[in-house]
Amino acid sequence: MPCTVVVGAQWGDEGKGKIVDALAERADLVARYQGGPNAGHSVIHRGETLVLHLVPSGILHAGCRCLIGNGVVIDPARLHDEVTKLEARGVPASRQLGVSAAAHLILPYHRAVEASFERGPSAIGTTGRGIGFAYRDKAARTGLRVADLFDPAHFAAQADRNLARLRQEYPEAAAELAPMSGSGLHRELADVATWLEPLVTDVGEELHVALQAGRSVLLEGAQGTLLDLDHGTYPYVTSSPASAAGAPLGVGLGPRAVDEVIGVTKAYATRVGHGPFPSEMPSELGARLREAGDEYGATTGRPRRCGWLDLPALRYAARVNGLSQIVVTKLDVLDAFEEIRVAVGYECEGRAVRGFPAGARALERCTPVWRAFPGWRRSTAGARRWDDLPREARDYLEWVEREVGVPIRAISVGAARDAEVTRG
């Protein structure tokens, strides 16, 4: 299909980077549509694991045009650092990369106030990268965009207005904000702006022309459906549309441009930060799975909360995104477990809950209804065909597929590119 969206079907960290990297081998363009440098998409390059935060996961494929859309918030200094590190490893990232002039900027004052906010009683467990406050400025129409880097007077004036407001709103961040000024921030970014200017492009126009010419496009997001600003476990969500509907919006295309939506889910579930997690494991079992799956944030290093697969949440993600197929990752992490459990529904005060509750407060009152499956107790790491998987693993996956109502087209059984089982 010419235009495919890859979306996380859980709380993020599903392994989207590996899947986009694999699909990008056959793609002409890959575009990020939302999020910021909180993404931690891990891909294997020449035997080395690279973690991509802003750069699209197709960057390791020669000739693949990689675009950062208007829906992304960009820390320009971090982007420059990421590209520099890629080029030091022989990846010609600057030649492949394009950046939307309409993408909003994350600036030092966003990071300062977010760090202050996360130290207070209203903390929600963000990565502290300033992303939420950059999106807040965007919604308030006070933000600065990539194009504004090339208009020093406007940049300085708007940044000074933002700083004056933030000093009043967040006196606890006064020490960090005090030395900042609009002109000073622009001077600090002058060299990065000079580097960035030749990369600026009209992302929507590029993608439109490519699709008209029959070229293949991948749209890549960060986080996952259950962190979507509208459809996630509010208020413990990200600040942008992490579901598939945000993909065309975040790159300047219309919704009819999308042909297929691939949802990525782990064979179990994880969550980072605060918020309800009905299928969360007891601490000892969760620690066992965390070590087996190396469940630590690629961006922050924080340990992830671990749990069993949550079927109501996965069904909800399938509906919200209009999934046409599913990719299951990290099946191999379950190889040593004697029993595999799945949350098949919820109860609240002794009554069955229909569907997936709206918002965190409703979900916090829910307890899961479990179904147990026998573990396979054999390695799946070498499997490359469906029949290579143990019978118990196939039964588990086929049951999930029937219950969700969306075909499982591939199963990842390791970090390497070729560690994948595909189905026809």
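Residues numbered from 1 in each chain as written. Predicted model: local features only at pLDDT ≥ 70, side-chain atom pairs only at ≥ 80, totals over all residues. Heavy atoms only, no water.

### Notes on the packing of helix 13 (residues 311-321) against helix 15 (residues 391-404)
For any two helices packed against each other, the geometry comes down to the angle between their axes and how far apart the axes lie.
Turning to step 1, where the next piece is worked out: At a minimum axis distance of 10 Å, the contact between helix 13 and helix 15 shows a crossing angle of 55°. Comparing the axis directions of helix 13 and helix 15 gives the class oblique. With respect to the hand of their crossing, helix 13 and helix 15 are arranged in right-handed fashion. Between helix 13 and helix 15, the residues in contact are L311, L314, R315 and A318 and W399, V400, E403 and V404, respectively. (Axes fitted to C-alpha atoms, helices over the stretch in contact; angles between N-to-C directions. Helix = DSSP H or I, 4+ residues; strand = E, 2+ residues; numbered from the N terminus. Parallel < 35°, antiparallel > 145°, perpendicular 65-115°, else oblique. Left-handed = near helix turned anticlockwise from the far one by under 90°. Contact = heavy atoms within 4.5 Å.)

### Some points on the pattern of salt bridges
Turning to step 1, where the next piece is worked out: One pass over the structure, following the stated rule, counts 23 salt bridges.
Turning to step 2, where the next piece is worked out: In this structure, R65 engages E206 in a salt bridge whose closest nitrogen and oxygen atoms are separated by 2.7 Å. Remark: E206 occurs in helix 10 (residues 203-212) and R65 occurs in strand 5 (residues 65-68); sequence separation between them is 141 residues.
Turning to step 3, where the next piece is worked out: The partly exposed category is assigned to R65, whose relative accessible area is 23%.
Turning to step 4, where the next piece is worked out: Classification of E206 by relative accessible area gives partly exposed; the value is 22%.
Turning to step 5, where the next piece is worked out: R304 serves as the salt-bridge partner of E295, at 2.7 Å between the closest nitrogen and oxygen.
Turning to step 6, where the next piece is worked out: What makes E295 buried here is its relative accessible area of 0%. (Salt bridge = Lys/Arg side-chain N within 4 Å of Asp/Glu carboxyl O. Buried < 20%, exposed > 50% of the residue type's maximum accessible area, 1.4 Å probe, protein only.)

### Considerations on the side chain of S57
Turning to step 1, where the next piece is worked out: Among the structural elements, S57 can be located in the loop between strand 4 (48-52) and strand 5.
Turning to step 2, where the next piece is worked out: According to the relative accessible area criterion, S57 is buried, its value standing at 0%.
Turning to step 3, where the next piece is worked out: Looking at S57, its side chain comes within polar contact range of the side chain of E220, at 2.6 Å. (Polar contact = N/O pair within 3.5 Å; in protein donor to acceptor, adjacent residues only side chain to side chain.)

### Here we look at unusual backbone geometry
Turning to step 1, where the next piece is worked out: The residue after Y234, namely P235, is reached through a cis peptide bond having omega 10°.
Turning to step 2, where the next piece is worked out: As for its position among the elements, P235 is in the loop between strand 10 (217-220) and helix 11 (246-249).
Turning to step 3, where the next piece is worked out: Phi is positive for K330, close to 60°, though the residue is something other than glycine.
Turning to step 4, where the next piece is worked out: One can find K330 in the loop between strand 15 (325-329) and strand 16 (339-348).
Turning to step 5, where the next piece is worked out: Judged by relative accessible area, K330 falls into the partly exposed class, the value being 23%.

### Observations regarding the sheet that holds strand 11 (residues 260-266)
Turning to step 1, where the next piece is worked out: The ten strands lie next to each other as 9-7-5-2-10-1-11-15-19-20, forming an open sheet whose pairing is mixed. The open sheet has two edge strands with one neighbour each: strand 9 (200-201) and strand 20 (420-422).
Turning to step 2, where the next piece is worked out: Of the strand pairs in this sheet, strand 7 (residues 97-100) and strand 9 are connected by two bridges, and their pairing is parallel. Considered in strand 9, the bridge of V99 is made with V200.
Turning to step 3, where the next piece is worked out: Sheet strands in contact with helix 10 are strand 1 (3-8), strand 2 (29-32), strand 5, strand 7, strand 9 and strand 10, and its direction is about 140° off that of strand 5. (Pairing = 2+ DSSP bridges.)

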